[in-house]
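Now for the letters of each chain:
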Amino acid sequence: DEDGNPINLATWVKNHKPKDYDLVQGLNGDVTYLVSTEDGIKDFAISAVCTHLGCVVPWVKASNKFSCPCHGSQYDENGKVVRGPAPLSLALAHT
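Rules of the game
- Along each chain, residue indices are assigned from 1 in the same order as the chain's sequence is written.
- With pLDDT at 70 or above as the cut-off, local features in this predicted model cover only qualifying residues; side-chain atom pairs require 80 or more to be listed or tallied, and sums for whole chains, interfaces and linings still use all residues.
- Hydrogens and waters are ignored; side-chain quantities use all the structure's heavy atoms.
- What we call a nonpolar core is a set of buried Ala, Val, Leu, Ile, Met, Phe, Trp, Tyr and Cys residues that are connected through their side-chain atoms within 4.5 Å.
- Each residue's exposure class comes from its accessible area (1.4 Å probe, protein chains only) as a fraction of the maximum for that residue type: buried when under 20%, exposed when over 50%, partly exposed otherwise.
- Numbered from the N terminus, helices here are DSSP runs of H or I no shorter than four residues, and strands are runs of E no shorter than two.
- Contact criterion: two residues are considered in contact whenever any of their non-hydrogen atoms come within 4.5 Å of each other.
- Two cysteine sulfur atoms make up a disulfide if the distance between them is within 2.5 Å.
- Whether two aromatic rings pair depends on their centres lying within 6.5 Å, for rings of Phe, Tyr and Trp, where Trp uses its six-membered ring; planes under 30 degrees apart make the pair stacked, over 60 edge-to-face, and the rest tilted.

K.L.:
It is not clear to me how the nonpolar core should be interpreted in this structure. Could you clarify?
P.N.:
The nonpolar side chains of a soluble globular protein tend to be buried with one another. By size, the foremost hydrophobic cluster in this structure holds 15 residues, and its most contacted members are Tyr-21, Tyr-33, Ile-46, Cys-50, Val-57, Phe-66 and Tyr-75. Those elements that provide at least two residues to this core are strand S2 (31–37) and strand S4 (44–47). Here Ile-46 is in contact with Tyr-21, Thr-32, Tyr-33, Val-35, Phe-66, Glu-77, Asn-78, Gly-79, Leu-90, Ala-91 and Leu-92, once residues within four sequence places are set aside.

And the structure:
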């Protein structure tokens, strides 16, 4: 959470709606998105670090994709690159 405490799944589910994309600190300190589902979270988290130059990539709910503000790379809802200049999809971490 924002105080550095571990996230409890039951509490997370109570406080998030399906298809919410929220930033958390990953196990290695990486900025990571957890994606809420009907019954919890996806079985993977998505890195928020653009594979082009390392900018933090925000989730844009209105367009249902990640859009890098630095150079325009775009990624789909699962982190797959759909528009460059990013050379690779966003890294995934299994939850």
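Structure shown, so let's carry the discussion forward.
K.L.:
What is the right way to look at the state of the cysteines in this model?
P.N.:
Cysteine pairs can be linked by a disulfide, which is a covalent bond between their two sulfur atoms. According to the stated counting rule, one finds one disulfide in the structure shown. Across a sulfur-sulfur distance of 2.0 Å, Cys-55 and Cys-70 are joined as a disulfide pair. Around the S-S axis, the bridge from Cys-55 to Cys-70 shows a dihedral of about -110° and counts as left-handed. Of this pair, Cys-55 sits in the loop between S4 and strand S5 (59–60) while Cys-70 sits in the loop between strand S6 (65–67) and strand S7 (74–75), and the two are 15 residues apart along the sequence. With no disulfide of its own, Cys-50 has Cys-68 as its nearest cysteine by sulfur position, at a separation of 3.9 Å. Classification of Cys-68 by relative accessible area gives buried; the value is 7%.

K.L.:
It is not clear to me how the packing of aromatic side chains should be interpreted in this structure. Could you clarify?
P.N.:
Centre-to-centre distance and the angle between the planes together describe a pair of aromatic rings. Across all of its chains, the model carries four aromatic pairs by this definition. Judged by centre distance (5.6 Å) and plane angle (75°), the ring pair of Tyr-21 and Phe-66 falls under edge-to-face. Here Tyr-21 is found in strand S1 (residues 21–25), whereas its partner Phe-66 is found in strand S6, with 45 residues between them in sequence. Overall, the relative accessible area of 12% leaves Tyr-21 in the buried class. Residue Phe-66 is classed as buried on the basis of its relative accessible area of 0%. Aromatic pair Trp-59 and Phe-66: ring centres 4.8 Å apart, planes at 65°, arrangement edge-to-face. In this pair, the class of Trp-59 matches that of Phe-66, namely buried.

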